[in-house]
Structures are given as C-alpha cells and as structure tokens.
Amino acid sequence: MTTELVEVPGYIAGTWTVDPVHSGVGFTIRHLMVSKVRGRFGTFEGTLVTGDDPLDSTVTASIDLASIDTGNAQRDEHVRSADFLDVAAHPTMTYRSTGLRRDGDGHVLDGELTLRGTTRPVPLKLEVEGFGPDPFREDDPFKGARAGFTATGEINRLEFGVGDRATVPGGALGLGEKVQIVLEIQAVLRTG
C-alpha cells in the first residue's frame, strides 16, 4: 500500500501534548427520547505524533471518568456508579488510533476505544483547525507551536456495557443508545 502525501497549511511534524486548558471532551445523549443531555469530562490527557506524511500520524488519549460533568451533581454520581460507567472498577477510558485516512474532502481517524473493559473500533471524523506559533513565554517548555483539531464520532453505549435498555411509561428508552462525541483539541509541540 502506498501512502499519499497530504498537504496541510503550516503543518509541522513532531510530538504534541494535548493542552487541557484549551481543549474540551464532550458528549450528547438523548434523554427520554424527547431531549438531549450534554456533558463533558474535565480531566484528560493525550499525545499526538504528526508524521512527515500526515496520514502516518498517531493519537493516544486517556480520560478520567470521575471528572464527568453534566451540570447536575446527583446525575453525575449516578453516571459514575456501576449502573453506567462503573468508575470504581474502570476509572479511565482510553483511545488509541490505528490509522488516519482520507474520506472525501476530509479525514477519518480510525482507532480503538476502551471503556468499562471493552475495546471496540471507533472512527472519528477529523477536522484540522490549523497549526501556528505558540505565543507564550520564552521559558515555557512547550514553546514552539500549537495545533488545533476537532474530532466527532458516535458510540453505542450498550456495546460498552454502559447502562441498559430500561424504558419509561409509554415504552420510550430512558436513555438513547447512541452517544455523540465532540473533541475540541489544542495541542502544544514538545520541544525538549
């Protein structure tokens, strides 16, 4: 298989660390099949390695599941419980890319998501937001460059053992099976 060189304006090959202060890991799920609940995880880390050819790039990431925030403390505690994420037994969710490919005018990051001890393939639609200089202090160990990416995808929570198919009066699912994922990532180039 040959690799097709992809051109990205300002592209820099190297190893990058996700900046959690300027990044976000969010999700959306249907509730009672009439509305959506949004949430986010506040603690996460990741490393991106951009190859000489962008299609040779890799990503690894880890999310602290206890850091879930849906805007309601009681609901967050329930989601952390064994009924859903089982944070006591499975404190983190991880993602490891397995490839990057063109998809029409965009790109898809293929990878494996591990949640509650189950690993499944999860492709993410990837948008490269850009590469640029890092304007922070000269003594910053990450001084050099920053890059931005947006990744979106979807998982079926039941495939990972998260929750069940409980229904409410009238027969509607209490929670939708599909969870929409949105990652807004800013990364800093490692220079030392």
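Preceding this section is the structure that the text describes.
Quick caveat: nothing in here was measured; it's all calculated off a predicted structure.

### Quick word on the pairing of strand E5 (residues 58-64)
When strand E4 (residues 44-50) meets E5, the two strands line up antiparallel, connected through 6 bridges. Paired with leucine 48 across the bridge in E5 is valine 59. Here 5 bridges tie E5 to strand E7 (residues 92-103), and the two strands are oriented antiparallel to one another. Directly across from aspartate 64, in E7, lies its bridge partner threonine 92.

### Remarks on unusual backbone geometry
In the Ramachandran plot, aspartate 86 falls in the positive-phi region, its phi being about 50° despite a non-glycine side chain. With respect to the secondary-structure elements, aspartate 86 resides in the loop between helix H1 (73-80) and E7. The backbone phi angle of arginine 116 is positive, close to 55°, even though this residue is not glycine. For arginine 116, the location among the structural elements is in the loop between strand E8 (106-115) and strand E9 (118-121).

### Some points on the nonpolar core
Counting 42 residues, the largest nonpolar core has Trp16, Phe41, Leu85, Leu115 and Ile155 as its most contacted members. Here this core gets 6 residues from one element, more than from any other, and that element is strand E12 (residues 175-189). Leave out the neighbours within four places in its chain, and isoleucine 155 touches Leu113, Leu115, Val122, Phe160, Glu177, Lys178, Val179 and Ile181.

### A few points about the packing of aromatic side chains
For any two aromatic rings, the description comes down to two numbers: the centre-to-centre distance and the angle of the planes. Tallied over the entire structure, the rule returns 4 aromatic pairs. Ring geometry for tryptophan 16 and phenylalanine 131: centres 5.5 Å apart, planes at 70°, overall edge-to-face. A residue pair is termed long-range when its members are at least 10 positions apart, and tryptophan 16 in strand E1 (residues 14-18) and phenylalanine 131 in strand E10 (residues 124-133) qualify at 115 residues. Classification of phenylalanine 131 as buried rests on a relative accessible area of 15%. Considering the side-chain rings of phenylalanine 27 and phenylalanine 41, the 5.7 Å spacing of their centres and the 40° angle between planes classify their relative orientation as tilted. Placement of the pair is phenylalanine 27 in strand E2 (residues 24-31) and phenylalanine 41 in strand E3 (residues 35-41), with a sequence separation of 14 residues. Accessibility assignment for this pair places phenylalanine 27 and phenylalanine 41 in one class, buried.

### Description of the pairing of E3
In terms of strand pairing, E2 meets E3 through 7 bridges, oriented antiparallel. In the sheet register, isoleucine 29 faces E3, and the bridge partner there is valine 37. Connecting E2 to the next strand, E3, in antiparallel fashion are 3 residues, including leucine 32 with a positive phi near 55°. Note that E3 and strand E6 (residues 68-69) share 2 bridges and pair antiparallel. Bridge assignment links phenylalanine 41 to a residue of E6, and that residue is isoleucine 68.

### Focus: the pattern of salt bridges
Within this structure, the stated rule accounts for 6 salt bridges. For arginine 80, the salt bridge is made with glutamate 77, and the minimal N-O distance between the two is 2.6 Å. With arginine 80 and glutamate 77 both in helix H1 and 3 residues apart, this pair spans about one turn of that helix. A salt bridge links aspartate 110 to arginine 101, with the shortest nitrogen-to-oxygen separation between them at 2.7 Å. It is possible to trace a salt-bridge network through shared partners that takes in Asp19, Asp134 and Arg146.

### Examining H1
Those residues of H1 that sit buried are Asp76, Val79 and Arg80. The buried residues of H1 occupy one face: seen down the axis, they fall within an arc of 100°. Those residues of H1 that are exposed and angled more than 90 degrees off the buried face are Gln74 and Glu77.

### Structural notes on the environment of threonine 70
Structurally, the position occupied by threonine 70 is in the loop between E6 and H1. Note: C-alpha distance between threonine 70 and arginine 38 (32 residues apart in sequence) is 6.1 Å. Once residues lying within four places of it in the same chain are set aside, the contact partners of threonine 70 are Phe27, Val37, Arg38, Gly39, Arg75 and Asp76. A polar contact of 2.5 Å, which involves the side chain of threonine 70, links it to the side chain of aspartate 76.

Calculation rules
Residues numbered from 1 in each chain as written. Predicted model: local features only at pLDDT ≥ 70, side-chain atom pairs only at ≥ 80, totals over all residues. Heavy atoms only, no water. Pairing = 2+ DSSP bridges. Helix = DSSP H or I, 4+ residues; strand = E, 2+ residues; numbered from the N terminus. Core = buried A, V, L, I, M, F, W, Y, C linked by side-chain atoms within 4.5 Å. Buried < 20%, exposed > 50% of the residue type's maximum accessible area, 1.4 Å probe, protein only. Contact = heavy atoms within 4.5 Å. Phe/Tyr/Trp six-rings, centres within 6.5 Å; stacked < 30°, edge-to-face > 60°. Salt bridge = Lys/Arg side-chain N within 4 Å of Asp/Glu carboxyl O. Arc of directions from axis to C-beta. Polar contact = N/O pair within 3.5 Å; in protein donor to acceptor, adjacent residues only side chain to side chain.

These results come straight from atomic positions and should not be treated as a statement about function.
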